[in-house]
Amino acid sequence: MYHLSLNRSKNINVSVELDTPTVYLYGERNCSAGCILSGIVHISLQKTIKLRSLNVRFSGTQHINYPHKLTSTATYPLATTREIARDTQNLLAAAHGKPVELHPGSHALRFEFIIRGDLPPTTDFNFGSIAYNVRAELVYSGLRIKATADAPVRILRCPAEGGQWASTTCDALSASVRWDSCLSVRLTHNTIAVSDDQASQFTVTVGALEKGMRLRNLDLQLREIQTLVVHGANTKFKHSLVVAYKHKMFGMQGARLTGHDQFTVELDVPAAFGEIQYDCEGAGFMVTHRLTLTAEISVSDTQTVLVTLPVQLPVLPRCAVENEVGLPLYEKSASDRLIQAAPVLSDSSDSLANVCENQTLSSIYPNLDSGLPPYSIILSRC
């Protein structure tokens, strides 16, 4: 549970509690099913109030700062802000103009929003930001007296339109480069993406075909590239910054290379929405990441070379990198709970219909919630 309280007074306290402050959207933006955002509005009263309305609103705002070289032509404003999502629910309202009396004590009212699947992800980058929020607004004892509470919502989705989490991380990272046919450098990682707020280990394999070569330094640099696309002006603006860096030295003389030697370099990736953003695409902007390996190698007593190897390396949420993102889960929704975690039937010659003919659902699925509505379904493999 996620709890945020932003309104306190002597007689009333309003707060918003979200079941999950982060929601995931995946699949193509034009056909994604979206997800459910649910929570509770808590009201604590010291005395009776006359409530005129209690509204809960989910909203999203996109803010873009245009570069000066574009705005100086008077074609575009300095900045634009537009609303990209708005949905309002009225949890309590005056009946026939007569206010509802709420008595002293604690009151809890649940809400649910269906989040559209085409929304861009939460982002805070150099050219602007996209932010989402849930606000509860209570109007009482007159139309001008209000109490409000806010809770931020983070929306995450695939790093590219039409992509899937699994297709991004199913393979391991492996890239190599050669220098003058006598030296090769290979960079490997167990996935082709890294997650934020953790250390990631990379393996560097140096192949030296001649004697006397020594590895002096290894550098790993993770760079974030933010791109703003202005379609009307047919122009792209890019902002690049280093978000993680690791320098590893091998002494004054360096490490002697004997053929195919392996070295491990650990890179600390910062937490998202602080020093780094997740890979994402939106309407007019894109965020990507590039990892660059630089190896300083002495190939002789008088010659030192720098071997550089750049690769694309998406930064994704940890559950995406570890392949833990599945289908949307709706079982917390009181109005439409869909069983996604039911045990899978083993493969056999019997069809599901034959298996269920002489057995009840409760015997096949002992953990089945008896309170499910009749239109809930069970996912099985026959």
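All values reported here derive from a predicted model rather than from experimental measurement.

Digging into the environment of His103
At step 1: Take His103: it is sitting in the loop between strand S7 (100-102) and strand S8 (105-115).
At step 2: Once the C-alpha coordinates of His103 and Ile49 are considered, the two residues, 54 residues apart in sequence, prove to be 6.7 Å apart.
At step 3: Apart from the residues lying within four places of it in its own chain, the contact partners of His103 are Leu45 and Thr48.
At step 4: Looking at His103, its side chain comes within polar contact range of the side chain of Thr48, at 3.5 Å.

Some words on the packing of aromatic side chains
At step 1: Enumeration according to the criterion identifies seven aromatic pairs in this entry.
At step 2: Seen in terms of ring centroids, Phe125 and Phe127 are 6.3 Å apart; in terms of plane orientation they differ by 70 degrees. Their pairing is edge-to-face. Each member of the pair Phe125 and Phe127 is classed as buried.
At step 3: With a centroid separation of 5.2 Å and 70 degrees between ring planes, the pair formed by Phe250 and Phe263 is classed as edge-to-face.

Notes on the nonpolar core
At step 1: Ranked by size, the top nonpolar core spans 45 residues in total, and within it Ile12, Ile43, Phe58, Tyr132, Val134 and Leu138 carry the most contacts.
At step 2: With near-sequence residues (within four places) excluded, Phe58 lies in contact with Leu37, Ala85, Arg86, Asp87, Phe113, Ile115, Leu119, Tyr132, Asn133, Val134 and Ile155.

A word on the pairing of strand S19 (residues 260-269)
At step 1: Of the two faces of S19, only one is covered, namely that formed by Asp261, Phe263, Val265, Leu267 and Val269; the face formed by His260, Gln262, Thr264, Glu266 and Asp268 stays uncovered.
At step 2: When strand S15 (residues 198-208) meets S19, the two strands line up antiparallel, connected through ten bridges. Residue pairing across strands places Phe202 opposite Val265, the latter belonging to S19.

Topic: unusual backbone geometry
At step 1: For Asp180, which is not glycine, the phi torsion reads 55 degrees and is therefore positive.
At step 2: Along the chain, Asp180 falls in the loop between strand S12 (173-179) and strand S13 (183-189).
At step 3: Unlike most non-glycine residues, Ser181 shows phi in positive territory, near 60 degrees.
At step 4: In this structure, Ser181 sits in the loop between S12 and S13.
At step 5: According to the relative accessible area criterion, Ser181 is exposed, its value standing at 53%.

A look at the sheet that holds S12
At step 1: The strand order S12-S13-S15-S19 describes an open sheet built from four strands, whose pairing is antiparallel. Strands with a single pairing partner mark the edges of an open sheet, and in this sheet they are S12 and S19. If you compare each strand with its neighbour and ignore which way they point, the axes differ by 20 degrees on average.

Considering the pattern of salt bridges
Should the charged atoms of two oppositely charged side chains come close, the side chains can pair.
At step 1: This structure, assessed with the given rule, holds five salt bridges.
At step 2: One salt bridge connects Glu83 with Arg86, and the closest N-O pair in it is separated by 3.0 Å.
At step 3: Of the charged contacts, one joins Glu137 and Lys146 as a salt bridge, the two residues approaching to 3.9 Å between their closest N and O atoms.
At step 4: Residue class for Lys146 comes out partly exposed when judged on its relative accessible area of 47%.

Notes on the confidence of the model for the protein chain
At step 1: In the predicted model, the protein chain carries a mean pLDDT of 76, and the fraction of residues at 70 or more is 72%.
At step 2: Looking at the elements of the protein chain, mean pLDDT is at its lowest for helix H4 (residues 352-357), recorded as 41, and at its highest for S19, recorded as 94.
At step 3: Taken together, the stretch residues 160-170 has pLDDT below 50 and engages in 31 contacts with residues farther than four places along the chain or on a different chain.
At step 4: Across residues 364-382, where pLDDT falls below 50, the model places 38 contacts with residues more than four positions away in sequence or in other chains.

Some remarks on the environment of Leu78
At step 1: If you trace the backbone, Leu78 turns up in the loop between helix H1 (68-71) and strand S6 (79-93).
At step 2: We classify Leu78 as exposed; its relative accessible area is 65%.
At step 3: When the C-alpha atoms of Leu78 and Tyr66 are compared, they prove to be 5.6 Å apart, with twelve residues separating the residues in sequence.

Calculation criteria
Residues numbered from 1 in each chain as written. Predicted model: local features only at pLDDT ≥ 70, side-chain atom pairs only at ≥ 80, totals over all residues. Heavy atoms only, no water. Helix = DSSP H or I, 4+ residues; strand = E, 2+ residues; numbered from the N terminus. Contact = heavy atoms within 4.5 Å. Polar contact = N/O pair within 3.5 Å; in protein donor to acceptor, adjacent residues only side chain to side chain. Phe/Tyr/Trp six-rings, centres within 6.5 Å; stacked < 30°, edge-to-face > 60°. Buried < 20%, exposed > 50% of the residue type's maximum accessible area, 1.4 Å probe, protein only. Core = buried A, V, L, I, M, F, W, Y, C linked by side-chain atoms within 4.5 Å. Pairing = 2+ DSSP bridges. Axes fitted to C-alpha atoms, helices over the stretch in contact; angles between N-to-C directions. Salt bridge = Lys/Arg side-chain N within 4 Å of Asp/Glu carboxyl O. pLDDT = per-residue confidence, 0-100.

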